[in-house]
Structure formats: structure tokens, C-alpha cells
Amino acid sequence: MASEDSEELTVTSEVHHFSKEEVIDGSSGAVLSRFDFVYPSYMTTCEGSKIMKAVADADGDLQVTRKNNLHKKEGVVLIEHQSATTLDLVGEQVWRGALFLADFILHHPEIFKNANILELASGVGLTSIVAGMLAKKVVITDVDRGDILTLIDRNVERNREIMKAEILVKEIDFYDHATIDENFESLKDISVIMAADTIYHNQLTDQFFRTILRLMCEPPNKTMYVALEKRFVFTIEDMDTVAPCYDYFLDRIEWLRCQNLSTINWTIEEVPIDFKQYFIYEKTRHLVLWKIAAELK
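Counting of residues starts from 1 at the beginning of each chain's written sequence and follows it residue by residue. Where local features are concerned, this predicted model is filtered to residues with pLDDT of at least 70; where side-chain atom pairs are given and counted, the filter is 80 or more; whole-chain, interface and lining totals use all residues. Side-chain metrics in this entry use all non-hydrogen atoms of the structure; hydrogen atoms and water are not considered.

1. A look at the nonpolar core
General note: in soluble globular proteins, nonpolar side chains tend to be found buried as a group. Here, nonpolar core refers to any group of buried Ala, Val, Leu, Ile, Met, Phe, Trp, Tyr and Cys residues whose side-chain atoms link them within 4.5 Å. Note on classification: 1.4 Å probe, protein chains only; a residue is buried when its accessible area is under 20% of the maximum for its type, exposed when over 50%, partly exposed between these limits. Residues Val77, Leu101, Ile117, Leu126, Val130, Phe279 and Leu289 are the most contacted members of the largest nonpolar core, which totals 50 residues. By residue number, the principal contributor to this core is helix H1 (residues 96-107), which donates eight residues. Not counting residues up to four positions away in its chain, the partners in contact with Leu126 are Phe35, Val77, Ile79, Val94, Ala98, Leu99 and Ala102. Residues Leu168, Ile190, Ile193 and Phe249 belong to the second largest nonpolar core, which totals 35 residues. Strands are runs of DSSP state E lasting at least 2 residues, helices are runs of H or I lasting at least 4, and numbering of each runs from the N terminus. Only heavy atoms enter the contact rule, under which two residues are in contact if any of them lie within 4.5 Å.

Here's what the structure looks like:
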């Protein structure tokens with residue numbers, strides 16, 4: 001939702017209503033949230049598996065500790081984020097699409113287990129941290145603006161023990177593809193790309209799709225999963241409630257289908273969303289997931 005703060009428009013994610021937060025002293029607007037989830041059965045049935053839970057230290061701060069307990073089937077991801085931001089810094093909050101995509105990851109280990117994964121516009125890194133529970137390598141990226149990359153680093157360290165993957169935090173700027181070239185060594189073996197809640201401004205959506213095309217032109221073959229929420233507004237022009245940013249996303253999907261057809265076979269489809277919910281949030285019917293696969297000729 002949005003509210004006027006002085007002369008700037010601030011936005012607050014609905015997800016915050018479902019998480020347990022504590023204020024971080026000395027950091028304006030920053031909170032540490034506990035995102036509880038249920039482990040999939042394939043993560044809890046092996047003898048000697050180690051399940052994670054959150055406890056408080058001597059100062060009352062949340063921390064992740066390891067506990068051997070085959071009867072404990074709940075876990076937690078600890079995320080530092082902002083409770084509200086201006087529109088240009090929305091990546092410093094947690095949005096519903098990130099938890100939605102995290103559910104998909106946990107439900108489909110056959111896709112993500114031991115994979116080399118890239119997340120675009122990662123925000124505070126929650127989805128990448130969940131992917132890190134299964135993957136071989138996760139490259140977490142965002143534009144280097146504000147505190148976002150160091151914030152991701154802090155969140156990775158908070159959750160290091162629940163992840164098995166190698167974690168790299170890098171900059172990829174949709175408006176500057178030199179940042180892709182600079183990270184060639186980290187990206188050359190990526191086969192899975194993911195992004196959540198990146199569709200909220202048409203100009204940014206244009207650059208997002210140009211970045212997808214740039215990445216998918218390079219071997220190996222890649223499959224991308226894009227999670228987003230249709231956000232509806234009432235317009236006088238339409239005299240109806242519409243989702244203009246999602247409509248523009250669909251237009252760019254059709255644009256992508258037509259690109260580089262001499263070198264790429266595209267498979268682009270909406271993914272059914274009837275997979276199990278592991279995290280606590282409102283899984284609304286407006287959440288959607290798209291699969292974009294590029295097979296190089």
C-alpha cells in the first residue's frame with residue numbers, strides 16, 4: 001500500500017503483517033523479521049538431518065541456531081529489511097512474490113537442487129537464500145543503489161547455516177549491461193534464472209526484458225521463472241479496475257517470443273500455481289508465475 005510521507009510517496013509491503021519484526025537499533029526504518037516456513041518432507045526424512053529454528057540470544061535478538069530434531073519440521077529465514085521505502089528503493093522490503101517464488105523452489109527440488117542459479121533484482125535476498133538450501137551456486141544480484149548489496153550480504157550471513165550453496169553477491173543493472181560483462185566468470189555456468197516482483201514500472205519492465213534477452217543469448221541453455229503479483233487500479237479512461245503493469249508485462253512477453261528466432265527456440269508459458277504453500281503469507285489469486293526457457297540452436 002502507499003501513503004504520503006512529507007513530499008515523497010512511500011510504500012509498505014502487505015507481507016509485513018504476517019512476519020514477526022523487531023526494530024534494529026541505530027538504523028532508521030530497518031527491522032529484522034522472522035519468516036517461518038514448513039520444511040518439505042524430502043528435507044526432514046533423512047536420518048541425521050539438521051533442522052533450523054530461531055531462538056533469542058542473551059540480548060533478546062533473534063538468531064538462527066542448529067538443532068538435531070527429526071520431529072521439528074519448521075524452519076525460519078531471518079531478514080533485515082526496511083518497513084517502508086520510497087518507490088525507487090522498494091527492493092529493500094520483502095514482497096509477496098518473493099515468498100511465492102520461495103514456495104515454488106521448495107516444491108520443485110528437481111529444478112533447483114544442485115543447480116547454478118542467478119536471481120535478478122534480488123532485493124533483500126530472501127528468495128535466493130531459500131534457493132541456497134538446494135542449489136550448488138546462487139548469484140544474488142541487484143543494482144548497487146542505497147544499502148542494498150551490503151544488506152544482502154548481512155542477510156546471507158544471518159542464514160548461512162541453512163544454505164548449502166556457494167553464494168555470490170554481485171551487481172547487475174538492467175540499464176547497464178556492462179555489469180553483466182563484468183560478472184562473466186560468475187555467470188558462465190548459470191542454467192536457472194529467477195526474479196520476483198520486478199514488474200511495477202513500464203520503463204523498468206522494458207529494461208528487465210532486454211536484460212533477460214541478453215543473458216539468454218549466452219550458453220548454456222537457461223530457464224527463467226518470474227513471479228509477480230497483478231496490481232489493480234481503477235482508471236477513468238477504462239472506467240474499470242485494471243492491472244496496467246501486468247498488461248505491459250504480457251506485451252513484453254510477446255516481444256520476447258519474437259527475438260533472435262534464428263538462434264533461440266523459446267518456450268514461454270504460465271505455470272500452474274497449485275503448488276504447496278510453505279511460508280506464511282496471503283497467497284492471493286493475483287499471484288502469477290511464468291516460465292521462460294531458451295534453447296540455443
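2. Focus: unusual backbone geometry
Cis geometry is found at the peptide bond from Pro219 to Pro220, where omega equals 0 degrees. Relative to the elements of secondary structure, Pro220 occurs in the loop between helix H7 (202-216) and strand E13 (222-229). Positive phi outside glycine occurs at Ala121, with the angle close to 50 degrees. Looking at the element boundaries, Ala121 is found in the loop between strand E9 (116-119) and helix H3 (126-131). For Asn260, which is not a glycine, the phi torsion comes out positive at approximately 50 degrees. Here Asn260 lies in the loop between helix H8 (244-257) and strand E16 (264-270). Looking at Asn260, the relative accessible area reads 32%, which means it is partly exposed.

3. Some words on the environment of Pro219
Tracing the sequence through the fold places Pro219 in the loop between H7 and E13. In this structure Pro219 comes out as exposed when scored by relative accessible area, which is 53%. With near-sequence residues (within four places) excluded, Pro219 lies in contact with Lys188 and Leu296.

4. Here's the deal with the pattern of salt bridges
Salt bridges, as used here, are contacts in which a Lys or Arg side-chain nitrogen is within 4 Å of a carboxyl oxygen on Asp or Glu. For the structure on display, the rule yields 16 salt bridges. Between Arg154 and Asp147 there is a salt bridge, with the nearest N and O atoms lying 2.7 Å from each other. Its salt-bridge partner being Asp251, residue Arg252 comes within 2.7 Å of it at the nearest N-O pair. Looking at Arg252, the relative accessible area reads 15%, which means it is buried.

5. Observations regarding the confidence of the model for the chain
Confidence along the chain averages 86 in pLDDT terms, with 83% of residues attaining 70 or more. Confidence per residue, as judged by the predictor, is encoded in pLDDT with a range of 0 to 100. Segment residues 47-54 is flagged for pLDDT under 50; beyond a separation of four residues in sequence, or across chains, it makes 34 contacts in the model.

6. As for the sheet that holds strand E7 (residues 74-82)
Two strands are counted as paired when DSSP detects at least two bridges linking them. Here three strands make up an open sheet; going across it, the order is E3-E4-E7 and the pairing antiparallel. A strand with exactly one partner marks an edge of an open sheet, and here the two such strands are strand E3 (20-23) and E7. Going from strand to strand, the sheet's axes swing by 25 degrees on average, the running direction of each strand aside. Fitted lines through C-alpha atoms serve as axes, helices being fitted only where they are in contact, and the angles separating the N-to-C directions of these axes extend from 0 to 180 degrees. Packed on one face of the sheet, helix H4 (residues 148-158) meets strand E4 (30-38) and E7 and runs near 160 degrees to E7.

7. Topic: the sheet that holds E13
Pairing is mixed across the open sheet formed by seven strands, whose spatial order is E11-E10-E9-E12-E13-E17-E16. The open sheet has two edge strands with one neighbour each: strand E11 (166-171) and E16. Here the average twist between neighbouring strands, direction ignored, is 15 degrees. Bridge count between E16 and strand E17 (residues 287-296): seven bridges; the pairing is antiparallel. Residue pairing in the sheet places Asn265 in a bridge with Glu295 of E17. Relative to E11, H4 is tilted by about 170 degrees, and along the sheet it contacts strand E10 (137-142) and E11.

8. Some remarks on the packing of H7 against H8
Viewed as axis vectors pointing N to C, H7 and H8 meet at an angle of 30 degrees, and their least axial separation amounts to 10 Å. Judged on the interaxial angle alone, H8 and H7 are roughly parallel. The handedness of the crossing between H7 and H8 comes out as right-handed. Every residue of H8 that contacts H7 at Asn202, Thr205, Asp206, Phe209, Arg210, Ile212 and Leu213 is listed here: Cys245, Tyr248, Phe249, Arg252, Ile253, Trp255 and Leu256. Side-chain classes are defined by residue name, with Ala, Val, Leu, Ile, Met, Phe, Trp, Tyr, Cys and Pro counting as nonpolar, Asp, Glu, Lys and Arg as charged, and the others, Gly among them, as polar. Residues that form the contact of H7 with H8 fall into these classes: nine nonpolar, two polar and three charged. Here roughly perpendicular refers to angles of 65 to 115 degrees, roughly parallel to angles under 35, roughly antiparallel to angles over 145, and oblique to all remaining angles. By convention, the crossing between two helices is left-handed when the near helix turns anticlockwise from the far helix through less than a right angle, and right-handed when the turn is clockwise.

9. Some thoughts on H1
Here a helix's expected span is defined as the number of its residues, less one, multiplied by 1.5 Å. The first and last C-alpha atoms of H1 sit 17 Å apart over twelve residues, in line with the 16 Å expected at 1.5 Å per residue. The element H1 is largely enclosed, with a buried count of eleven among its twelve residues. Among the structural elements, E4, helix H2 (109-112), H3, strand E12 (192-196), E13 and E17 are those in contact with the buried residues of H1.

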